[in-house]
Amino acid sequence: MKIIVAIDGYSSSGKSTMARRLAHEIGYLYVDSGAMYRAVTLYALRHGFAAAGRVDAEGLISDLPAIEISFALDEAGNQHTLLNGEDVEKEIRGMEVSEMVSPVAAIPEVRRRLVSLQQSYGSDKGIVMDGRDIGTTVFPGAEMKVFVEASPEVRARRRLLELEEKGMPADYDEVYANICERDRIDTTRAESPLRKADDALVLDNDNLTREQQMAWLLERFHEIAG
Ligand code: DC
């Protein structure tokens, strides 16, 4: 039986890497819902709807029908996010997008549009999706829900490393401040804030290696999916 796996958690908690690897191991489709909010944010930045920490929500909402987000796999099997057909995978990971994504993701119309797209991806089950509201709003009936926790210091160090690996070095204090600010906006917004679903399994990964996390996830998956 194919199931839906919903993985939620704070920024840079390592959930995307985990979710991607899990999907690969079990032969499921993987969808990075954060990439979708990041792509809309990039569109907003490029079209002058977001600047200096402020978003022109009305302008962006009126342009929503013109924003198309999709995914493509490269030869190595890595997923790339496409914005109106253009590969924006690298650009959506930069600090400029990171700094504007939480206010964009707090706009109810943006959320509604992306949530319905995300739900359509899961219509045949056999999907692993990670984000902030997957177990609570997108797939409240998901058979397996995981909520990933890690301290902001550990997450900032991970994010710094990730940016360095991508050739986009950043400053620790700036990355740490961005993570704390995103936590604040993501958990306090009115529309589907980040919170653990009542029936989610908690994975505290501060002191776990990637291998240990994968072993834990696979064990839970086989228990649930049979
Ligand atoms: O997972 P990420 O850091 O790439 O997500 C980027 C932002 O998108 C995050 O700060 C909050 C938002 N987001 C959201 O509101 N809901 C989701 N399901 C996924 C991401």
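Notes on the structure in this doc start here.

Another aspect to go through is the site of the ligand. Every one of the 16 residues lining the ligand counts as a neighbour, but Arg-38, Arg-111, Arg-132, Asp-133 and Arg-189 are closest to it. At 3.4 Å, a side-chain N or O of Lys-15 approaches an oxygen atom of the ligand. The separation between an oxygen atom of the ligand and a polar side-chain atom of Arg-132 is 2.9 Å. Burial of the ligand by the protein chains amounts to 97% of its free accessible area of 450 Å².

A few words on the pattern of salt bridges. In this structure the tally under the stated criterion is 16 salt bridges. Asp-183 is paired through a salt bridge with Arg-155; the nearest N and O atoms lie 2.8 Å apart. In this pair, Asp-183 sits in helix α8 (residues 172–188) while Arg-155 sits in helix α7 (residues 152–165), placing the two residues 28 residues apart along the sequence. By the burial criterion, Asp-183 is buried, and Arg-155 matches it. Its salt-bridge partner being Arg-220, residue Glu-219 comes within 3.2 Å of it at the nearest N-O pair.

This part is about the sheet that holds strand β9 (residues 144–149). Read from one edge to the other, the open sheet built from 5 strands follows the order β2-β8-β1-β9-β10, with strand pairing classed as parallel. Two strands close off the open sheet at either side, each with one partner strand: β2 (29–32) and β10 (201–204). Strand-to-strand twist across the sheet, computed as the mean angle between neighbouring axes with direction ignored, equals 20°. The strands that helix α1 (residues 15–26) touches are β1 (4–9), β2, β8 (127–131), β9 and β10; relative to β8, the one it contacts most, it runs at about 180°. Sheet strands in contact with helix α2 (residues 33–46) are β2 and β8, and its direction is about 40° off that of β2.

In this section: the sheet that holds strand β5 (residues 69–73). Taken together, the 3 strands give an open sheet; going across it, the order is β5-β6-β7, and neighbouring strands pair in antiparallel fashion. The sheet is open, and its two borders are formed by β5 and β7 (86–87), each paired with just one other strand. As defined by bridge partners, β5 adjoins strand β6 (residues 79–83) across 5 bridges and the pair is classed as antiparallel. Directly across from Phe-71, in β6, lies its bridge partner Thr-81.

Bringing the packing of aromatic side chains into the picture now. Counted under the stated rule, the structure contains 4 aromatic pairs. Aromatic side chains Tyr-28 and Phe-221 sit 5.5 Å apart centroid to centroid with 90° between the ring planes, which places their arrangement in the edge-to-face category. Pair noted here: Tyr-28 is in the loop between α1 and β2 and Phe-221 is in helix α9 (residues 210–225), with a separation of 193 residues, a long-range link. We classify Tyr-28 as buried; its relative accessible area is 10%. Judged by its relative accessible area of 6%, Phe-221 is buried. Over the face of the ring belonging to Trp-216 we find Arg-220, whose NZ or CZ atom lies 5.3 Å from the ring centre.

On to unusual backbone geometry, then. Located in the positive-phi region is Ala-52, a residue other than glycine, with phi close to 45°. Along the chain, Ala-52 turns up in the loop between β3 (50–51) and β4 (54–55). We classify Ala-52 as exposed; its relative accessible area is 80%. Here the phi dihedral of Lys-125 falls at roughly 55°; this positive angle occurs in a residue that is not glycine. Examined against the element boundaries, Lys-125 turns out to sit in the loop between α5 (108–121) and β8.

Now for the side chain of Asp-186. Turning to its location among the elements, Asp-186 is positioned in helix α8. A polar side-chain atom of Asp-186 sits 3.4 Å from a polar atom in the side chain of Arg-132. Excluding residues that lie within four positions of it along the chain, Asp-186 makes contacts with Ser-11, Ser-102, Arg-132, Pro-193 and Leu-194.

For the rest of this paragraph, the subject is the side chain of Asp-130. Within the secondary structure layout, Asp-130 lies in strand β8. At 2.7 Å, the side chain of Asp-130 forms a polar contact with the side chain of Ser-16. In this view, Asp-130 contacts Ile-7, Lys-15, Ser-16, Ala-19, Tyr-30, Val-31, Asp-32, Ser-33 and Gly-34; residues no more than four positions away in its chain are not counted.

How each quantity is defined
- Residues numbered from 1 in each chain as written.
- Predicted model: local features only at pLDDT ≥ 70, side-chain atom pairs only at ≥ 80, totals over all residues.
- Heavy atoms only, no water.
- Near = heavy atom within 4 Å.
- Polar contact = N/O pair within 3.5 Å; in protein donor to acceptor, adjacent residues only side chain to side chain.
- Areas by Shrake-Rupley, 256 points an atom, 1.4 Å probe, with all protein chains shown as cover.
- Salt bridge = Lys/Arg side-chain N within 4 Å of Asp/Glu carboxyl O.
- Helix = DSSP H or I, 4+ residues; strand = E, 2+ residues; numbered from the N terminus.
- Buried < 20%, exposed > 50% of the residue type's maximum accessible area, 1.4 Å probe, protein only.
- Pairing = 2+ DSSP bridges.
- Axes fitted to C-alpha atoms, helices over the stretch in contact; angles between N-to-C directions.
- Contact = heavy atoms within 4.5 Å.
- Phe/Tyr/Trp six-rings, centres within 6.5 Å; stacked < 30°, edge-to-face > 60°.
- Lys NZ or Arg CZ within 6 Å of the ring centre and 35° of its normal.

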